[in-house]
Amino acid sequence: MISVALLKDVRGVGPKSLTLLNKIGINTIDDLVTHYPFRYELLERCNLLTTKDGDKIVIDGRIESVPLLMRFKAGLNKMNFRLVTPSGVVGISIFNRAFLKSQLNIGTTITVIGKYDKTKNVITANEIKMGGLSDKTRIEPVYHSTSGLTSKTLSSYINMALLEFGNDIEDYIPEEYRVKYNFLNKKTSLNVIHNPSTMDKLKEVTIRLKYEELFNFMFKINYLKYLKKKEEHGLERVIDRSKVDEIISKIPFQLTNDQLKVIDEILKDLGSKGRMNRLLQGDVGSGKTIVSFVALIINYYSGYQGALMAPTEILATQHYNNLVKFLKDYKDIKVALLTGSTPKKDKTKIYKELEEGKINIIIGTHALIQDDVSYNNLGLVVTDEQHRFGVHQRANLQNKGIRPDVLYMSATPIPRTYALTIYGDMDVSTIKEKPNNRQKIETILKRNDEIKDVLNMMLEELKQHHQIYVIAPLIEDANENSDLTSVIQLKEDMSLAFGEYYKIDIIHGKMANGAKDIIMDKFKNNEVQILISTTVVEVGVDVPNATCMVIFDADRFGLSTLHQLRGRVGRGADKSKCILISDSDTERLSIMERCDDGFEISEEDFKLRGHGDLFGTKQSGDMIFRIANIRSDYKILLQAKKDSEEFLENRKADKVLKEKLINSIEKG
Ligand code: ADP
Ligand code: MG
């Protein structure tokens, strides 16, 4: 990590580009230099003789004549010059690059990409790159970027940052492993990955950078495992089986076998001397919440306080309301809700009552693990949507109070082998089975010009007194040129179509939390029929009467995100629909039509996007790898696991680096 220099210190990065960089998640120099190309363009030299008339051509050569510059109206311009290439002399003409003229001198070597007019022997170039093609092929990095910031500019910032600060970049691979595997140093590796000269070199440094990332990650996991082994568990409890049966009998539906099995596994953990550190994974809609409720209630009856932590306020509030409803016959159990937006006065009261043990079960966001919260006798902590929290929060939680039992829940289904490795510090329970009242969600792809069909389908649902979610990637239109759909704009459109008979409202992340709650409540109570939203409803929200999900600009989202969004419908017994609207990327999106298994979808995402969003969207904790891919790099992961274990245990190993790695767990 480069601690001293800031992104704005990189030469060339002004306030405007800083905003654009921030927009794509680049906030530090570290982020910048590890913003890896998502693909490379291979430029292979063509031959003038064999290239057909009108075909695309890539060719390099030496400039033979001074470019002749012509200027036209409206600021347009054109340059003509001759280029000596390995397969003959050719005329080059290029529009609107007058600014390049000073660089295009006689004798300069350049590469031209364009269209070849064979009869005139002229290439109309779209692009001129300085320098020639080495080894016939030239490898150009292509970056994910945003409008106003070209891949090329991004590349120049990255290279400038490497030039100016490259020596300060921390290398997290301990010396002994660097030597063992003959790895290049960090700076060189970064230089190569951003400017590869050959495919072999690129491959070599890719492995090295992946290894580093996985080493770093596995070190953290191993460290947590080590902490867990070391500690004593102070909780003694007796599990009252008849109480368990009583609670289960109050559940208004029949639990699935998998739910019962998992409840059993949890009760065993709670009843044993060891400390529970269990991950419960199950696809969206598999019914994890009720399992956690049973665990929390049993925890209460064995004499301890319990906490349930959710990644968003909407979800926390929903859990709170559900639990209160479920516990209406249990007057003795006091439940409270604590989130970032709980008024100060109430917060103080809740803190006090938590400390005095008057509150038995607390539900909230990560406000629950803030330093100023102390518990009377916390016995169980549940985190929902665990993949949204990072390893550091895992560490933080474990250190709270009297070392409670911990249950993590995650809708990101990953196969057992992977889970055992990347959640190496936990036991894993899986719910595979979905409640059997579920029908498959019908997923339909639509183009923008088929919006009428979409509106008709929506109307059908509304007529059946069902409710609808509509998702857009933006809150409001970013600028006039953006063709992305926004929540605000959809509100207008939908009001025109349905406003007369149905109530429409919006919800998004920038709204005050109180306002969000009110709208969610209205939607829950069917006072609002169409809820237009950003992905804030992605996690956890449960409104069984909502049977239709319409996602605009679906190509903007990863498949796993779409799967999560789709999981908001199909939660009751009614047949549900998910409509994906997009004009592009249909092949990828069609996977959603045929597949409804969260694991399979994340696998597909992986294959298609290289990294995929197995762990949800960008803000989802630290399971996002910048370059590694736990599936295809599993061998490297296993090696990194072994090495990091060895490194952790080795007393003679680099203490400073070890310290740094450990600190980064707490910081996150
Ligand atoms: P997730 O695993 O995605 O968190 P939830 O716990 O929110 O899923 O459950 C989804 C919905 O299914 C909720 O409305 C819940 O009440 C209901 N549900 C859970 N288990 C069952 C079951 N065994 N039978 C019927 N409905 C169930
Ligand atoms: Mg859930």
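Residues numbered from 1 in each chain as written. Chains lettered and ligands numbered in written order. Predicted model: local features only at pLDDT ≥ 70, side-chain atom pairs only at ≥ 80, totals over all residues. Heavy atoms only, no water.

This paragraph deals with the overall build of the protein. Of the regular secondary structure elements, the protein holds 21 helices and 21 strands. In terms of C-alpha radius of gyration, the protein reaches 29 Å, essentially the compact-globule figure of 26 Å for 668 residues. The principal-axis extent of the C-alpha atoms belonging to the protein is close to 90 × 75 × 45 Å. Residues counted as buried form 53% of the 668 residues belonging to the protein. (Helix = DSSP H or I, 4+ residues; strand = E, 2+ residues; numbered from the N terminus. Rg over C-alpha atoms; globule rule 2.2 N^0.38 Å. Buried < 20%, exposed > 50% of the residue type's maximum accessible area, 1.4 Å probe, protein only.)

Below, the discussion takes up the packing of aromatic side chains. Taken as a whole, this structure holds eleven aromatic pairs when the rule is applied. Taken together, a centroid distance of 5.3 Å and an interplanar angle of 45° make the contact between F183 and Y211 tilted. Taken as a pair, F183 in the loop between α4 (175–180) and α5 (186–194) and Y211 in helix α6 (residues 199–230) lie far apart in primary sequence, 28 residues in all. Y211 matches F183 in its accessibility class, with the two residues each being buried. Taken together, the aromatic side chains of Y177, Y181, F183, Y211, F215, F219 and F647 make up a single cluster linked through ring pairs. Of note, K658 hangs over the ring of F647, and the distance from its end group to the ring centre comes to 5.6 Å. (Phe/Tyr/Trp six-rings, centres within 6.5 Å; stacked < 30°, edge-to-face > 60°. Lys NZ or Arg CZ within 6 Å of the ring centre and 35° of its normal.)

This paragraph deals with the domain arrangement of the protein. When cut into domains, the protein gives domain 1 (46–132), domain 2 (237–431) and domain 3 (442–595). Here the C-alpha centre of domain 3 lies 49 Å away from the C-alpha centre of domain 1. (Domains from an automatic or database assignment.)

Here we take up the site of ligand 1. Surveying the vicinity of ligand 1 reveals 17 residues, the closest of which are G285, K288, T289, R438 and D542. Separating an oxygen atom of ligand 1 from a side-chain N or O atom of D542 is a distance of 2.5 Å. Out of a free accessible area of 560 Å², ligand 1 has 88% covered by protein chains. Of the residues assigned to the shell around ligand 1, the class counts are four nonpolar, eight polar and five charged. (Near = heavy atom within 4 Å. Polar contact = N/O pair within 3.5 Å; in protein donor to acceptor, adjacent residues only side chain to side chain. Areas by Shrake-Rupley, 256 points an atom, 1.4 Å probe, with all protein chains shown as cover. Nonpolar A, V, L, I, M, F, W, Y, C, P; charged D, E, K, R; others polar.)

Buried residues of helix α7 (residues 241–250): K243, V244 and I247, and no others. What you see down the axis of α7 is that its buried residues fit within an arc of 105°, all on one side. More than 90 degrees from the buried face of α7, the exposed residues found are S242 and S249. On its buried face, α7 is in contact with α8 (257–271), α9 (288–301) and α10 (313–326). (Arc of directions from axis to C-beta. Contact = heavy atoms within 4.5 Å.)

It is worth spelling out empty space enclosed by the protein at this point. If a probe as big as a water molecule is rolled over the atoms, it shows which places are left empty. Taken as a whole and assessed by the stated rule, the structure comprises four cavities of 30 Å³ or more. Its boundaries defined by the atoms lining it, the second largest cavity holds a volume of some 60 Å³. Lining the second largest cavity, in full, are I314, T317, Q318, N321, D517, M520, D521 and K524. Of the residues assigned to the lining of the second largest cavity, the class counts are two nonpolar, three polar and three charged. (1 Å grid on protein atoms, 1.4 Å probe; cavity = no way out; pocket = protein on both sides within 12 Å on 5 of 7 lines; lining within 4 Å. Points joined across faces, edges and corners; volume = space filled by probe spheres on them.)

So, on to the sheet that holds strand β21 (residues 577–581). Strand order across the open sheet formed by six strands is β16-β21-β20-β17-β19-β18, with parallel pairing between neighbours. Only two strands of the sheet have a single neighbouring strand rather than two, namely β16 (442–446) and β18 (504–507). The mean angle between the axes of side-by-side strands here comes to 20°, regardless of whether they run parallel or antiparallel. In this structure, β18 lies alongside strand β19 (residues 530–533), joined through four bridges in parallel fashion. Opposite D505, over in β19, you have L531 as the bridge partner. Of the strands in this sheet, β17 (467–471), β18 and β19 are in contact with helix α15 (residues 487–498), which crosses β18 at around 170°. (Pairing = 2+ DSSP bridges. Axes fitted to C-alpha atoms, helices over the stretch in contact; angles between N-to-C directions.)

Further remarks concern a negative patch on the surface. Taken together, the side chains of E176, E646, E649 and D654 present a region of like negative charge at the surface. Counting through the fold element by element, E649 comes out in helix α20 (residues 634–649). Residue classification places E649 among the exposed positions, given a relative accessible area of 62%. (Patch = residues over 30% accessible without salt bridge, like charges linked within 9 Å, V, L, I, M, F, W, Y side chains within 5 Å. Salt bridge = Lys/Arg side-chain N within 4 Å of Asp/Glu carboxyl O. Lys, Arg positive; Asp, Glu negative; His and termini not counted. Charge placed at Lys NZ, Arg CZ, Asp CG, Glu CD.)

Another point: the nonpolar core. Counting residues in hydrophobic clusters, the biggest one holds 39 residues, and the most contacted among them are I266, L270, V291, I298, L327 and I333. Mapped by element, the contributors of at least two residues to this core are α7, α8, α9, α10, β12 (361–364), β13 (378–383) and β14 (405–410). Sort the elements by how many residues they give to this core and α9 lands first, with nine residues. In this view, I298 contacts I239, K243, V244, I247, L267 and L270; residues no more than four positions away in its chain are not counted. In terms of nonpolar packing, the next biggest core, distinct from the first, is built from 35 residues, L279, Y423, I636 and A653 among them. (Core = buried A, V, L, I, M, F, W, Y, C linked by side-chain atoms within 4.5 Å.)

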